[in-house]
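Chain by chain, the residues run as shown.
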Amino acid sequence: MPPHVTLKQLRYFDALAREQHFGRAAESCAVTQPALSMQIHELEEQLGLMLVERTRSGVLLSDKGREIAARAARILGDVHEMVEYAQHCRNVLSGSLRLGVIPSIAPYMLPPLLPLLREGYPHLELHVRETQTMPLLQELIDGKLDVLLLALPIVQAEIETMALFDDRFLLALPQSRRLNSRVRATKDLIEHERLLLLEEGHCLRDQALTYCNLQQVSTVNTFGVSSLSTIVEMVAAGYGITLLPEMCLNVEVRGRDIGVTRFVEPEPYRTVGLAWRSTSPRAGDFRELGRLIKVAWSRGCVPPGRKNPRHTRPLNAPSS
């Protein structure tokens, strides 16, 4: 008769392998030490192997015990993913969700989005990772993240995307140089100015360089800056000008000595959307997340009277 190994035995042994102590392992499993010890002993009998050496100072895994511990961890991980998959089949946006967001979106979209998620989906366990686009894409492909909120397009065969809304860009200048409200900004205004942009690796930097048709990076001042808040402070202090996404205006411009001006049509913009692995079984979750993000965008990031500008030109489009 083949050995009969239970998930309980594997779970207890996994805890023992991690804690290297019967008492702590029992505590982490919320059982008594004798109960845990009995399950480990039964596992050893079923496998016909000595998995642990019981010493006065604690527990030592045997060579075969270390191999069994590694296999047990993989099995328990697969079971966890199976349970999560079943939960997602029954309920939208439940269980764990690992969301990656780029820094030029996270501070502005998360404040209006998180309350919507908490209210509508209280059983969702949300984990947020904020970093630049390329690391996020790699972590998505590696399975470390479930879905990304970032600027599109993303052209990779294994990734599916969903566009959500267009976020136009405006020119920001010191208050002392603010343009007449009836004057629109042009690329000519930027050519001989000190353009302040985020450091290399941020997609906003690349999009602005493309729109402004600036091929020489030496003409751009980045200062190693990684946040729009710092850029805005420098503009207010008279160190230069910048391009700001409309999404950030309610947060970054209020109370600061800067003026913002729309560009002539077609206005530059970026398309914000979601990206996930095309093999993911959670497309329904991501579409519902996208719907909530659009609600959050309309409530928390759009100035009064603003309409979604589908007639504008994206920043990553070739300059004419």
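For clarity, every value in this text was computed on a predicted model and none was experimentally measured.

**Some details on the pattern of salt bridges**
- The full count for this structure, using the stated rule, is 16 salt bridges.
- Arginine 98 is the partner of aspartate 146 in a salt bridge, and the nearest nitrogen-oxygen pair spans 2.9 Å. One end of the pair, aspartate 146, is in the loop between α6 (133-141) and β5 (147-152); the other, arginine 98, is in strand β3 (residues 95-101), with 48 residues separating them in the sequence.
- Among the residues examined, arginine 98 registers a relative accessible area of 29% and is labelled partly exposed.
- Glutamate 139 is paired through a salt bridge with arginine 129; the nearest N and O atoms lie 2.8 Å apart. Here arginine 129 lies in strand β4 (residues 124-130) and glutamate 139 lies in helix α6, a separation of 10 residues in the sequence.
- Bridged by salt links that share partners, the residues Arg98, Asp146, Arg282 and Asp285 form one connected network.

**Description of the nonpolar core**
- Core analysis: the largest hydrophobic core is formed by 59 residues, its most contacted members being Met109, Leu149, Leu244, Met247 and Ile293.
- Those elements that place two or more of their residues in this core are β3, α5 (106-120), α6, β5, β6 (159-174), α9 (228-236), β11 (268-277) and α11 (283-300).
- Other than its neighbours up to four places away in sequence, methionine 247 contacts Ser104, Ile105, Tyr108, Met109, Phe165, Asp167, Arg270, Val272, Trp297 and Cys301.
- Of all hydrophobic cores here, the second largest spans 21 residues; its members include Ala17, Ala25, Leu36 and Leu76.

**Some points on the environment of valine 253**
- As for its placement among the helices and strands, valine 253 is situated in the loop between α10 (249-252) and β10 (258-262).
- Separated by 24 residues in the primary sequence, valine 253 and serine 229 have C-alpha atoms spaced 9.1 Å apart.
- If sequence neighbours within four positions are ignored, valine 253 has contacts with Leu244, Cys248, Ile258 and Val260.

**Comments concerning helix α3 (residues 33-47)**
- The end-to-end C-alpha distance of α3, which contains 15 residues, comes to 21 Å, matching closely the 21 Å that a straight helix rising 1.5 Å per residue would cover.
- When α3 is considered as a whole, its buried residues turn out to be Leu36, Gln39, Ile40, Leu43 and Glu44. Looking down the long axis of α3, one finds its buried residues gathered within 140 degrees of arc, a one-sided arrangement. For α3, exposure combined with an orientation more than 90 degrees from the buried face picks out Pro34 and Glu45.
- Check the buried side of α3 and you find it contacts α1 (7-19), α2 (22-28) and β1 (52-54).
- Phi for glycine 48, located one or two positions after α3, is positive at around 70 degrees.

**Remarks on the environment of aspartate 166**
- Looking at the element boundaries, aspartate 166 is found in strand β6.
- Along the sequence, aspartate 166 and alanine 151 sit 15 residues apart, while their C-alpha atoms lie 9.5 Å from each other.
- Within the local environment of aspartate 166, its side chain forms a polar contact with the side chain of threonine 271, the two groups lying 3.1 Å apart.

**Considering α6**
- Within α6, the full set of buried residues consists of Thr133, Leu136, Leu137, Glu139 and Leu140. Buried residues of α6, viewed axially, fall in a sector of 165 degrees; they line one side.
- Once α6 finishes, glycine 143 follows within two positions and takes phi at roughly 85 degrees, a positive value.

**Brief notes about the pairing of strand β9 (residues 242-245)**
- The two faces of β9 match: Thr242 and Leu244 on one face and Leu243 and Pro245 on the other face are all buried.
- Direction of pairing for β6 relative to β9: antiparallel, over a ladder of four bridges. In the sheet register, leucine 170 faces β9, and the bridge partner there is leucine 244.

Rules used in this analysis
- Residues numbered from 1 in each chain as written.
- Predicted model: local features only at pLDDT ≥ 70, side-chain atom pairs only at ≥ 80, totals over all residues.
- Heavy atoms only, no water.
- Salt bridge = Lys/Arg side-chain N within 4 Å of Asp/Glu carboxyl O.
- Helix = DSSP H or I, 4+ residues; strand = E, 2+ residues; numbered from the N terminus.
- Buried < 20%, exposed > 50% of the residue type's maximum accessible area, 1.4 Å probe, protein only.
- Core = buried A, V, L, I, M, F, W, Y, C linked by side-chain atoms within 4.5 Å.
- Contact = heavy atoms within 4.5 Å.
- Expected span 1.5 Å × (residues − 1).
- Arc of directions from axis to C-beta.
- Polar contact = N/O pair within 3.5 Å; in protein donor to acceptor, adjacent residues only side chain to side chain.
- Pairing = 2+ DSSP bridges.

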